[in-house]
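# Observations on the model geometry
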2 protein chains.
Amino acid sequence: MGSIDESIPFYPTLPISIPRGDTMKKHNFEEIKSEVVGKGCKGVNIRWLVTKDMGAENFAMRMFEVEPEGHTPLHSHEWEHEVFVLKGEGLVLAATGEEKIKHGDVIFMPAHEKHQFKNTGEDNLKFLCLIPYLDEK
Amino acid sequence: MGSIDESIPFYPTLPISIPRGDTMKKHNFEEIKSEVVGKGCKGVNIRWLVTKDMGAENFAMRMFEVEPEGHTPLHSHEWEHEVFVLKGEGLVLAATGEEKIKHGDVIFMPAHEKHQFKNTGEDNLKFLCLIPYLDEK
């Protein structure tokens, strides 16, 4: 479990060589390259915000931007999604039906469930979508 | 790997009994109870947005709101954080020093690194903070 101990000095003595991935990393999302997502998508860009390269062994954080009338593919896969909608309006389609999404909405999409995200608004639809690194377990 | 197959009907035939956690869950963050975080914190509230109860076996999504002049504890633990700053201004303190944080900033805090978040602004500091379910592996 976590420990709270204010008696320990805040800046610990660090080893001379700090292993890759062993210290905090900070950046703004705008510093991360936005890449077009291809097959099955229309008007979708992705930024990989937190990845294994940064030291994240358990899950990755990505940001998606979907242009008006754009959509992600209707697909399924063996990993789950945890989504937080940052901006815009759209629909999420899943096995149980479709639901409107907007700022502040949170979606848990289980593994193997067929799903799709669509932008139904006039501005970009922007959301975080996190996935586990299943291969690492 | 994932599959993209538009030939499969979008609404599959579902079993009569849908196992808990086996379908999409959607809610707005405001529907989730905001709880005060105690020891070592000042003016900190948490919402557990995606949890094991919802079917998430690998990692949890939480939202923190820190009042002006508030802070999380200076602490460390065996799990990492993946953070996305939604709103406000503050500082993140870690072994490597301190950095200003604002909307759109992304932080990866490795396991075992001593850290703290502080609100230095006039409005609430609001961020997502995701953690792995280490016990489940």
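Residues numbered from 1 in each chain as written. Chains lettered and ligands numbered in written order. Predicted model: local features only at pLDDT ≥ 70, side-chain atom pairs only at ≥ 80, totals over all residues. Heavy atoms only, no water.

### Description of the confidence of the model for chain A
Segments scoring low in pLDDT should not have their predicted coordinates read at a detailed level. Residues and elements named next belong to chain A. Here chain A shows a mean pLDDT of 86. Residues at 70 or above account for 83%. Confidence drops under a pLDDT of 50 for residues 1-21, and excluding neighbours within four residues, the segment shows 33 contacts in the predicted structure. The ipTM value of the predicted complex is 0.85, and its pTM value is 0.85. (pLDDT = per-residue confidence, 0-100. Contact = heavy atoms within 4.5 Å.)

### Considerations on the pattern of salt bridges
All chains considered together, the criterion is met by eight salt bridges over all chains. Across the salt bridge formed by Glu99 of chain A and Lys26 of chain B, the nearest N and O atoms sit 4.0 Å from each other. Placement of the pair is Glu99 of chain A in strand 9 (residues 97-101) and Lys26 of chain B in strand 2 (residues 25-28), with the two residues belonging to separate chains. For Lys26 of chain B, a relative accessible area of 25% gives the class partly exposed. In this structure, Asp105 of chain A engages Lys26 of chain B in a salt bridge whose closest nitrogen and oxygen atoms are separated by 3.5 Å. Taken together, the residues Asp105 of chain A in strand 10 (residues 105-109) and Lys26 of chain B in strand 2 connect one chain to another. (Salt bridge = Lys/Arg side-chain N within 4 Å of Asp/Glu carboxyl O. Helix = DSSP H or I, 4+ residues; strand = E, 2+ residues; numbered from the N terminus. Buried < 20%, exposed > 50% of the residue type's maximum accessible area, 1.4 Å probe, protein only.)

### Comments concerning the interface of chain A and chain B
Counting residues at the interface gives 72 residues for chain A, matched by 72 residues for chain B. Overall, the association of chain A and chain B removes approximately 6,000 Å² of surface from exposure, summing both partners, and the carbon and sulfur fraction of that is 63%. For the pair chain A and chain B, the interface holds four salt bridges. Counting the contacts that link chain A with chain B gives 19 residue pairs in polar contact (both at pLDDT 80 or more). Among the residues making up the side of chain A that touches chain B, the classes are represented as 39 nonpolar, 16 polar and 17 charged. Across four bridges, strand 2 (residues 25-28) of chain A lies against strand 10 (residues 105-109) of chain B in antiparallel orientation. Across the sheet, residue Asn28 of chain A finds its bridge partner in strand 10 of chain B, namely Asp105 of chain B. (Buried area = accessible area lost by both parts, 1.4 Å probe. Polar contact = N/O pair within 3.5 Å; in protein donor to acceptor, adjacent residues only side chain to side chain. Nonpolar A, V, L, I, M, F, W, Y, C, P; charged D, E, K, R; others polar. Pairing = 2+ DSSP bridges.)

### A few points about the relation of the copies chain A and chain B
Of the transformation superimposing chain A on chain B, the axial component is 0.0 Å and the angular component is 180°, with the fit at an RMSD of 0.0 Å. The superposition of one copy onto the other is thereby described by a two-fold rotation axis. (Least-squares fit on C-alpha atoms with pLDDT ≥ 70 in both.)

### Some thoughts on the side chain of His27 of chain A
Examined against the element boundaries, His27 of chain A turns out to sit in strand 2. The exposure class assigned to His27 of chain A is buried, which follows from its relative accessible area of 8%. A distance of 2.9 Å separates a polar side-chain atom of His27 of chain A from the backbone oxygen of Leu49 of chain A. Contact partners of His27 of chain A, with chain neighbours within four places excluded, come to Ile32, Leu49 and Met54 of chain A together with Gly104, Asp105 and Val106 of chain B.

### Concerning the nonpolar core
Membership of the largest hydrophobic core comes to 30 residues, with the highest contact counts inside it found for Leu49, Phe84 and Leu128 of chain A together with Leu49, Phe84 and Leu128 of chain B. Excluding its chain neighbours within four sequence positions, the residues that come into contact with Leu128 of chain A are Leu49, Arg62, Met63, Glu82, Val83, Phe84 and Leu86 of chain A together with Phe84 and Leu128 of chain B. (Core = buried A, V, L, I, M, F, W, Y, C linked by side-chain atoms within 4.5 Å.)

### Concerning the packing of aromatic side chains
Residue and element names in this part refer to chain A. This structure, assessed with the given rule, holds five aromatic pairs over all chains. Three or more aromatic residues joined by ring pairs make a cluster, and in this case those are Phe64, Phe117 and Phe127. The ring of Tyr133 is capped by Lys52, whose NZ or CZ atom sits 4.5 Å from the centre of that ring. (Phe/Tyr/Trp six-rings, centres within 6.5 Å; stacked < 30°, edge-to-face > 60°. Lys NZ or Arg CZ within 6 Å of the ring centre and 35° of its normal.)

### A few points about the environment of Leu125 of chain A
All names here are of chain A. Turning to its location among the elements, Leu125 is positioned in strand 12 (residues 125-132). Sequence separation between Leu125 and Gly70 is 55 residues, and the spatial gap between their C-alpha atoms is 8.9 Å. Discounting chain neighbours no more than four positions away, the residues touching Leu125 are Phe64, Glu65, Val66, Val85, Lys87, Gly88, Glu89, Gly90, Ile101, Lys118 and Asn119.

### Some remarks on unusual backbone geometry
Residues and elements named next belong to chain A. Its identity is not glycine, yet Glu69 carries a phi of approximately 70°, on the positive side. Along the chain, the position of Glu69 falls in strand 5 (residues 59-71). Classification of Glu69 by relative accessible area gives exposed; the value is 63%. With phi around 75°, His112 is a residue other than glycine that occupies positive phi space.

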